[in-house]
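# Observations on the three-dimensional arrangement
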Amino acid sequence: MAPLLVPGVLQRSRCVAPPGWSRWLVPPAALSVHLAIGQAYAWSVFKPPLEESLSLSGTASALPFQLAMVMLGLSAAFGGKLVERNGPRWAMAVSALCFSSGFLISALGAGTGQYWLVVVGYGFVGGIGLGIGYISPVSTLLKWFPDRPGMATGIAIMGFGGGALIASPWSAQMLSSFEPGSAGIARTFLVMGLVYAVFMTLGVLLVRVPADDWRPPGWVPSAAVAKPLVTTGHVSADNALRTPQFWLLWVVLCTNVTAGIGILEKAAPMITDFFSGTSAPVGVTAAAGFVGLLSLANMLGRFTWSSTSDLVGRKNIYRLYLGVGMLMYLAIALLGDSSKALFIVCTAVIVSFYGGGFATVPAYLKDLFGTFQVGAIHGRLLTAWSTAGILGPLIVNAVADAGESAGRTGPGLYTFSFSLMIGLLVVGFLANELVRPVHERHHEPDPSGPARSGPDARFPTARPEEAAQ
């Protein structure tokens, strides 16, 4: 794979699309990366064999995943400007190199019984690949699809939500086919690292950025600006941090993700607890099926809701996520154990909003801050995901553990945590209502206007990724 990732592949002449090149080739390029890195959601498949073969505790076997999530947020936040500067092909190549290398290092660790190598490989090195890969196509997709930004980012980010649907059965099949123990785990890691390297390299070779003067046929930029909150200006990543809009969206994303991940992380035991005292308890197989259903809702929500946002607007779609999310949580808290159908529908809707929130936020950022450094801004906003990844499971698990210690059972284990989730969604709803257009003082100077000096005189005449390649 090394020859496919050398700097020569990243030359500008092979990254800017020639006339007549179809923009519909960019979403498959993005999907090739996101479907691969979406494997992170399938880490739980490796926990039991690692615990058995290396004598690990449940907490220890979760370390690679936890570190990967931390590195995802950090690398997206701190690497966003590099992604904007060097372009999507460079970013996808770095992501492919780090993500696949993480598996190869983990294979060495599992094969030699050195678990710290698994943590470093999958968690640290692979986590960097996760973060860079997650934001790598966003800015490019928004430039190719200014007429349908929600749909474009929804297609790509849907892949991250759906990656586990492929990785889970594939990993389980390899683990059962190879010899048991650490040697089988090592071979599984090795195969996955090599296959993902090839698959992600397809995206590296396929991705292109549009020429400076390219526009979708029949699309008039001025027509799009008539929509509320859609700006004609551009804001740098550094200036975005100085605006209230960035921090309001940080709160919106954090609360929406917290509400969804709280259910996702404890889905199987939650549905089992809710119906344990009824005449039709939920078994292990049914609980696993419920987890699969939620994964499907997560994936489909990323495309469906983000595409809908192109029609109704980003602010309105987040009103749906947060407002209806409150009602879904309230329905589960009051009536959840009375009907399995009601419980499943409500939780699936909440998780679809969780996925939709991820897919819609890049387009929301583009509407507010323009496309100049939207990838870098998106990377910094993903720190809200890292925060929610700690907050959501902590709320649900801490409350359930405390309730169990107090002798509570069934839905009583979750009533207070659901009330907290409703409160957080109220905060997110209010933050979304406060979002207004970004003041012009934060905009970069128009390159066609009068020359300006100082730190703001840096808006480029060419796209940042083109200038660097």
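Placed above this text is the structure.
About the criteria used
- Residues numbered from 1 in each chain as written.
- Predicted model: local features only at pLDDT ≥ 70, side-chain atom pairs only at ≥ 80, totals over all residues.
- Heavy atoms only, no water.
- Helix = DSSP H or I, 4+ residues; strand = E, 2+ residues; numbered from the N terminus.
- Rg over C-alpha atoms; globule rule 2.2 N^0.38 Å.
- Contact = heavy atoms within 4.5 Å.
- Lys, Arg positive; Asp, Glu negative; His and termini not counted.
- Charge placed at Lys NZ, Arg CZ, Asp CG, Glu CD.
- 1 Å grid on protein atoms, 1.4 Å probe; cavity = no way out; pocket = protein on both sides within 12 Å on 5 of 7 lines; lining within 4 Å.
- Points joined across faces, edges and corners; volume = space filled by probe spheres on them.
- Axes fitted to C-alpha atoms, helices over the stretch in contact; angles between N-to-C directions.
- Parallel < 35°, antiparallel > 145°, perpendicular 65-115°, else oblique.
- Nonpolar A, V, L, I, M, F, W, Y, C, P; charged D, E, K, R; others polar.
- Buried < 20%, exposed > 50% of the residue type's maximum accessible area, 1.4 Å probe, protein only.
- Salt bridge = Lys/Arg side-chain N within 4 Å of Asp/Glu carboxyl O.
- Phe/Tyr/Trp six-rings, centres within 6.5 Å; stacked < 30°, edge-to-face > 60°.
- Lys NZ or Arg CZ within 6 Å of the ring centre and 35° of its normal.

Of regular secondary structure, the protein possesses 20 helices and 0 strands. For 469 residues, the compact-globule estimate of 2.2 N^0.38 gives 23 Å, and the C-alpha radius of gyration of the protein, at 22 Å, lies within 12% of that figure. Along the three orthogonal principal directions, the C-alpha set of the protein runs to about 70 × 50 × 35 Å. Intrachain contacts of the protein at a sequence separation of at least 6 include 83% that bridge at least 24 residues. Measuring between centres, the 28 positive side-chain charges of the protein sit 6 Å from its 22 negative side-chain charges.

The residue Ser55 is not glycine, and still its phi comes out positive at about 55 degrees. Following the sequence through the fold, Ser55 ends up in the loop between helix H2 (47-54) and helix H3 (58-61).

All right, on to the environment of Leu74 then. Position of Leu74 relative to the elements: it lies in helix H4 (residues 63-86). Measuring from C-alpha to C-alpha, the distance between Leu74 and Leu382 comes to 8.5 Å, with 308 residues separating the pair along the chain.

On to the layout of surface pockets. Of the volumes computed, that of the largest pocket is approximately 1,200 Å³. Contributing to the lining of the largest pocket are 37 residues, with Tyr41, Phe65, Ile261, Leu264 and Glu265 lying nearest its centre. Counting only elements with at least two residues in the lining of the largest pocket, the list comes to H3, H4, helix H8 (149-177), helix H12 (244-264), helix H13 (267-274), helix H14 (284-312) and helix H18 (383-405).

The next point concerns the packing of helix H17 (residues 374-381) against H18. Where H17 meets H18, the axes come as close as 4 Å, and the angle between the chain directions of the two elements is 20 degrees. Relative to H18, the element H17 is oriented roughly parallel. Every residue of H18 that contacts H17 at Gly379, Arg380 and Leu381 is listed here: Thr383, Ala384 and Trp385. Tallied by class, residues from the contact of H17 with H18 come to 3 nonpolar, 2 polar and 1 charged.

This part covers the environment of Phe145. Here Phe145 shows up in the loop between helix H7 (138-144) and H8. Look at Phe145 and you get buried, because its relative accessible area is 0%. Spatially, the C-alpha atoms of Phe145 and Gly58 are 44 Å apart, while their sequence positions differ by 87 residues. Those residues in contact with Phe145, other than ones at most four positions away along the chain, are Arg23, Trp24, Pro27, Met151 and Ala152.

Look at H18 against helix H19 (residues 415-433): their axes get within 8 Å of each other, and the N-to-C directions meet at 150 degrees. One element, H18, and the other, H19, form an angle in the roughly antiparallel class. Where H18 abuts H19, its residues Leu391, Gly392, Ile395, Val396 and Val399 lie against Phe416, Ser417, Leu420, Met421 and Leu424. Each residue belonging to the contact of H18 with H19 can be placed in one class, and the counts come to 8 nonpolar, 2 polar and no charged.

This brings us to the pattern of salt bridges. Enumeration according to the criterion identifies 9 salt bridges in this entry. When the shortest N-O distance is used, the salt bridge between Lys81 and Asp238 registers 3.1 Å. With Lys81 in helix H4 and Asp238 in helix H11 (residues 237-240), the pair connects residues that are 157 residues apart, well separated along the chain. A relative accessible area of 27% places Lys81 in the partly exposed class. Judged by its relative accessible area of 30%, Asp238 is partly exposed. Here Asp310 makes a salt bridge to Arg314, at a shortest N to O gap of 2.8 Å. On the basis of relative accessible area, Asp310 is assigned to the buried category, the value being 12%.

So, about the packing of aromatic side chains. In the structure shown here, the tally under the stated rule is 30 aromatic pairs. With a centroid separation of 5.1 Å and an interplanar angle of 90 degrees, the aromatic rings of Tyr134 and Phe160 are classed as edge-to-face. Residue Tyr134 is located in helix H6 (residues 115-135), and its partner Phe160 is located in helix H8; the two are separated by 26 residues in the primary sequence. In terms of burial, Tyr134 and Phe160 fall into one category: buried. Consider the rings of Phe246 and Trp247, whose centres lie 4.9 Å apart with planes at 85 degrees: the pair is edge-to-face. Grouping aromatic residues by their ring pairs yields a cluster made of Trp43, Phe46, Phe99, Phe103, Tyr122, Trp170, Phe189 and Tyr196. Lying across the ring of Phe275, Lys340 places its NZ or CZ 6.0 Å from the centre.

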